[in-house]
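Results of the structural survey
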Amino acid sequence: MRLVILDNYDLASEWAAKYICNRIIQFKPGQDRYFTLGLPTGSTPLGCYKKLIEYHKNGDLSFKYVKTFNMDEYVGLPRNHPESYHSYMWNNFFKHIDIDPNNAHILDGNAADLQAECDAFEKKIKEAGGIDLFVGGIGPDGHIAFNEPGSSLVSRTRLKTLAMDTILASAKYFDGDLSKVPTMALTVGVGTVMDAREVMILITGAHKAFALYKAIEEGVNHMWTVSAFQQHPRTIFVCDEDATLELRVKTVKYFKGLMHVHNKLVDPLYSMKEGN
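It should be emphasised that the depicted structure is a prediction, and the values quoted were computed from it without experimental measurement.

Attention now moves to the pattern of salt bridges. Throughout the structure, instances matching the rule amount to 12 salt bridges. A salt bridge links Glu218 to Lys214, with the shortest nitrogen-to-oxygen separation between them at 2.9 Å. Residue class for Glu218 comes out partly exposed when judged on its relative accessible area of 31%. Through salt bridges with shared partners, a single ionic network connects Arg23, Glu198 and Arg234.

Here is the structure:
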């Protein structure tokens, strides 16, 4: 497990985007070799998506041979609804890059058989060779995707009832009207994300500070599902200073001391391009 601490949200977003970019470039994807990327929604990854779009428009990064699998989708919300995760992903990312729409996989919250939809999603991930890098965000209660507190840490893609805290947090996207917020969602499981070869979790803002503390300084706990990733062989938590407010000083100093190692992972972006 690694913790990367940047001064602010913008720098954390840029670091994460560079890391994703380098992973794709180093993989050297092609027609018979796709890079498979798991993706989140919400406010936290927006800055990362903005930078990835910038790298693409500058000619540094192509998504032609990338397959994506999104973490979740609301149940019962029309696909074209402005707050559906289909709309979010296309408006904020996919329509700005060169990804083949057939390679961008998002769960269908309006499927006739929701369990069959979840099973098919797991099958598609397996057929794609698994996820190379799964990027995620968390809620203030430490949930990843819609794996709410109490979720099984070996869970697979399934239908979930949303916790009241999640509904309240989502209300701002629905004009503050709780009655408009979906109460159920389809979500990948903790086990689904754990199967990825690498996991990067973005945590920014003081309101996520207690969740970050629970994620890395205390033990694995199904009430804080993000804590499961302590046990993943390749997890990177990327955060800003505000998110570290609940951490011990020695924890912050330890991981800041490793930053020279982390930075070697993201600095080669343009030097790699020049060397090719």
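As a further point, take the side chain of His143. Residue position: His143 is located in the loop between β6 (133-137) and β7 (158-161). Residue classification places His143 among the buried positions, given a relative accessible area of 10%. At 2.5 Å, the side chain of His143 and the side chain of Asp141 are in polar contact. Sequence-distant contacts of His143, that is, excluding residues within four places in its chain, are made with Gly137, Ile138, Glu148, Pro149, Thr166 and Thr225.

Let us now look at the nonpolar core. Residues Ile20, Leu52, Phe63, Phe93, Phe94, Met200 and Val238 are the most contacted members of the largest nonpolar core, which totals 47 residues. Put simply, the parts of the chain that give this core at least two residues each are β1 (2-6), α1 (9-27), β2 (35-39), α2 (46-57), α3 (85-92), β6, β9 (199-203) and β10 (235-240). Broken down by element, this core gets its largest block of residues, nine residues, from α1. Core analysis: the next-biggest nonpolar cluster, separate from the first, contains 39 residues, Leu114, Val188, Leu212 and Ala215 among them.

With that settled, consider the sheet that holds β9. If you trace the seven strands from one edge of the open sheet to the other, you get β1-β10-β9-β6-β2-β3-β5, paired in parallel fashion. A strand with exactly one partner marks an edge of an open sheet, and here the two such strands are β1 and β5 (104-105). Examined bridge by bridge, β2 and strand β3 (residues 66-70) share five bridges and lie parallel to one another. From the neighbouring strand, Phe35 faces β3, where its bridge partner is Val66.

Look at α2 against α3: their axes get within 10 Å of each other, and the N-to-C directions meet at 40°. Judged by the inter-axis angle, α2 sits oblique to α3. Taking contact as the criterion, the partners of Leu46, Tyr49 and Ile53 in α2 are, on α3, Tyr88, Met89 and Asn92. For the contact of α2 with α3, the residue count by class is five nonpolar, one polar and no charged.

Basis of the calculations
- Residues numbered from 1 in each chain as written.
- Predicted model: local features only at pLDDT ≥ 70, side-chain atom pairs only at ≥ 80, totals over all residues.
- Heavy atoms only, no water.
- Salt bridge = Lys/Arg side-chain N within 4 Å of Asp/Glu carboxyl O.
- Buried < 20%, exposed > 50% of the residue type's maximum accessible area, 1.4 Å probe, protein only.
- Helix = DSSP H or I, 4+ residues; strand = E, 2+ residues; numbered from the N terminus.
- Polar contact = N/O pair within 3.5 Å; in protein donor to acceptor, adjacent residues only side chain to side chain.
- Contact = heavy atoms within 4.5 Å.
- Core = buried A, V, L, I, M, F, W, Y, C linked by side-chain atoms within 4.5 Å.
- Pairing = 2+ DSSP bridges.
- Axes fitted to C-alpha atoms, helices over the stretch in contact; angles between N-to-C directions.
- Parallel < 35°, antiparallel > 145°, perpendicular 65-115°, else oblique.
- Nonpolar A, V, L, I, M, F, W, Y, C, P; charged D, E, K, R; others polar.

Interpretation in functional terms is not warranted from these geometric data alone.
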